Amino acid sequence: MFNRELVKGSTSLLVLQLLNERDMYGYELVKEIGRRSNQLLQMKEGSLYPGLHKLEKQEYIEHYWQEQSKGPARKYYRITPEGKKILAERTSEWHRYVRLMNHLIGSSE
Amino acid sequence: MHEGEHRFIRELTIEIGAHEQNKTIVKDYQLHIYELLKEEEVPPEQIYEYLVQHLGTPREIAKAWKQEIETTPKKTQWLFVVANIVIFLGGTFFTISYHVFHWTWLERLWIFITDATFLLLFIYMLFWGLLGYEIGKEFGHRGYRLLKKTFLISIIPNILFAYLLVFKILPYTWFDSISKSSFFIACMIVTFILYPVSYVGYRWGRKVSI
């Protein structure tokens, strides 16, 4: 498990990254984050939605409804062109930061 | 709907409170719970605890939403518009008090402030930079439209004050320290660069918006 604040600070970036690959609904996002991190990156699922709301308010993502053959319609999220731009900016910054930190405190690998 | 699920949704609705987005927020969680319970066989009597374990308590969820639903574009816009009006009203009240009351402490303060006019201009520019930063940080890409709108409304007192001063509608001698040519020119330049300052603040805020 990781520091809660660290996870909180990087959730938006993770969400944008996942939505950059394909459209997803809230529950799917949580499952995907858990699956890709081997369940090491687990957050309280309830805190995902304020984050999604904020990203939507900032016009980095938008939602649409998709009817299901069984059960209620799902609310899918997709990344916007501005979301892609900020994701590219932040990802590049993140890589530079990780490289610098690895250089300063030593890589674990 | 099972009792545990019903209880969770009922408590969440109460915790979120009377808010225009209450129904939308609760619906997101209802859908999430539907997916969660579809995937896992949970004994009915353990559903509430299971939901709390995965989602957090309704109170924790409402707390996470608090800041998000409280910060609206309109609130942010009027916060800065009102702050700028307060700065102008404060300055006007201060000037009138100095010329009318002749209190010693006020005279000392007046001398200190009129000697540090360029420092005041710098602090004032920081206020406009902060305006842009806060809008960029909270509203990201969408904040650009909000910045332009907020700027246009907020700048009205500045233009009005300059107009009153240039056309000597205000008692000219009262604002002697401001109307000194060098400082007045500096004020004009600052007024023109307020938008670029706010824009730089906005870009900086936008950078940290996610």
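Residues numbered from 1 in each chain as written. Chains lettered and ligands numbered in written order. Predicted model: local features only at pLDDT ≥ 70, side-chain atom pairs only at ≥ 80, totals over all residues.

## As for the overall build of chain B
So, step 1. Secondary structure assignment for chain B yields eleven helices and zero strands.
So, step 2. Reading chain B from its N end, one meets helices and strands in the order α-α-α-α-α-α-α-α-α-α-α.
So, step 3. In terms of C-alpha radius of gyration, chain B reaches 26 Å, well past the compact-globule figure of 17 Å for 210 residues.
So, step 4. For chain B, the proportion of its 210 residues judged to be buried stands at 21%.
So, step 5. Summarising the internal contacts of chain B: among those between residues at least 6 apart in sequence, 76% fall at separations of at least 24. (Helix = DSSP H or I, 4+ residues; strand = E, 2+ residues; numbered from the N terminus. Rg over C-alpha atoms; globule rule 2.2 N^0.38 Å. Buried ≥ 20, exposed ≤ 12 C-beta atoms within 10 Å, placed from the backbone. Contact = placed C-beta atoms within 7 Å.)

## Here's the deal with the environment of G90(B)
All names here are of chain B.
So, step 1. Turning to its location among the elements, G90 is positioned in helix α5 (residues 73–101).
So, step 2. Judged by the 10 C-beta atoms lying within 10 Å of it, G90 is exposed.
So, step 3. Sequence spacing of G90 and I69 is 21 residues, and the spatial spacing of their C-alpha atoms is 31 Å.

## Quick word on the pairing of strand β3 (residues 74–79) of chain A
So, step 1. Looking at chain direction, strand β1 (residues 24–25) of chain A and β3(A) are connected through two bridges and run antiparallel. By the bridge assignment, M24(A) is partnered in β3(A) with Y77(A). (Pairing = 2+ DSSP bridges.)

## Some words on the packing of helix α1 (residues 3–16) of chain B against helix α4 (residues 58–70) of chain B
Residues and elements named next belong to chain B.
So, step 1. Close contact between α1 and α4 brings their axes to 9 Å; oriented N to C, the two are set at 35 degrees. When you trace α1 past α4, the crossing you get is right-handed. Facing α1, whose interface residues are F8, E11, L12, E15 and I16, α4 presents P58, R59, I61, A62 and W65.
So, step 2. Among the residues forming the contact of α1 with α4, the class breakdown is seven nonpolar, no polar and three charged. (Axes fitted to C-alpha atoms, helices over the stretch in contact; angles between N-to-C directions. Left-handed = near helix turned anticlockwise from the far one by under 90°. Nonpolar A, V, L, I, M, F, W, Y, C, P; charged D, E, K, R; others polar.)

## Here's the deal with the domain arrangement of chain B
Many analyses report the size of an interface as the accessible area lost when the parts associate.
So, step 1. Here chain B is partitioned into domain 1 (3–69) and domain 2 (71–207).
So, step 2. Using only C-alpha atoms to locate each centre, domain 1 of chain B and domain 2 of chain B end up separated by 45 Å. (Domains from an automatic or database assignment.)

## Structural notes on the interface of chain B and chain A
So, step 1. Chain B puts 20 residues into the contact, and the matching count from chain A is 24 residues.
So, step 2. Per-element accounting of the side of chain B that touches chain A gives the leading share, six residues, to helix α2 (residues 22–39) of chain B.
So, step 3. When the residues that make up the side of chain B that touches chain A are grouped by side-chain class, the tally is nine nonpolar, six polar and five charged.

## Things to note about unusual backbone geometry
So, step 1. With a phi angle near 65 degrees, E59(A) is a residue other than glycine that sits in the positive phi range.
So, step 2. Here E59(A) shows up in the loop between α3 (48–57) and β2 (61–66).

## A closer look at the nonpolar core
General note: in soluble globular proteins, nonpolar side chains tend to be found buried as a group.
So, step 1. Core analysis: the largest hydrophobic core is formed by 32 residues, its most contacted members being V15(A), L16(A), L19(A), L52(A), Y60(A), I61(A) and L12(B).
So, step 2. Not counting residues up to four positions away in its chain, the partners in contact with Y60(A) are L16(A), L55(A), I79(A), T80(A), E82(A), G83(A), I86(A), G140(B), H141(B) and I210(B).
So, step 3. Counting residues in each nonpolar core, the second largest holds ten residues, with L131(B), L147(B), F151(B) and Y202(B) among its members. (Core = buried A, V, L, I, M, F, W, Y, C linked by C-beta atoms within 7 Å.)

## Let's talk about the packing of α1(B) against helix α3 (residues 47–55) of chain B
Residue and element names in this part refer to chain B.
So, step 1. Running from N to C, α1 and α3 cross one another at 50 degrees; their axes reach a closest spacing of 7 Å. One way to sum up the angle between α1 and α3 is to call them oblique. The residues of α3 that touch α1, namely those facing G4, E5, R7 and F8, are I47, Y48 and L51.
So, step 2. Looking at the contact of α1 with α3, its residues break down into four nonpolar, one polar and two charged. (Parallel < 35°, antiparallel > 145°, perpendicular 65-115°, else oblique.)

## Some words on helix α6 (residues 104–115) of chain B
So, step 1. In a regular helix each residue adds 1.5 Å, so twelve residues correspond to 16 Å; α6(B) covers 17 Å between its end C-alpha atoms and thus fits that length.
So, step 2. Of all twelve residues making up α6(B), only zero are buried, and the element is barely covered by its neighbours. (Expected span 1.5 Å × (residues − 1).)

## Re the environment of I16(B)
So, step 1. For I16(B), the position within the fold is in helix α1.
So, step 2. Apart from residues no more than four positions distant in its own chain, I16(B) is found in contact with N22(B), I25(B), V26(B), A62(B) and W65(B).

## Here we look at the confidence of the model for chain B
So, step 1. On average, residues of chain B carry a pLDDT of 88, and 96% of them reach 70 or more.
So, step 2. For this predicted complex, the interface score ipTM comes out at 0.86, while the overall pTM is 0.83. (pLDDT = per-residue confidence, 0-100.)

## A closer look at helix α2 (residues 26–36) of chain A
Residues and elements named next belong to chain A.
So, step 1. Along α2, the positions that sit buried rather than exposed are G26, Y27, L29, V30 and I33. Axial view of α2: buried residues confined to an arc of 165 degrees, hence all on one face.
So, step 2. Just downstream of α2, N38 is the residue with a positive phi angle, here 55 degrees. (Arc of directions from axis to C-beta.)

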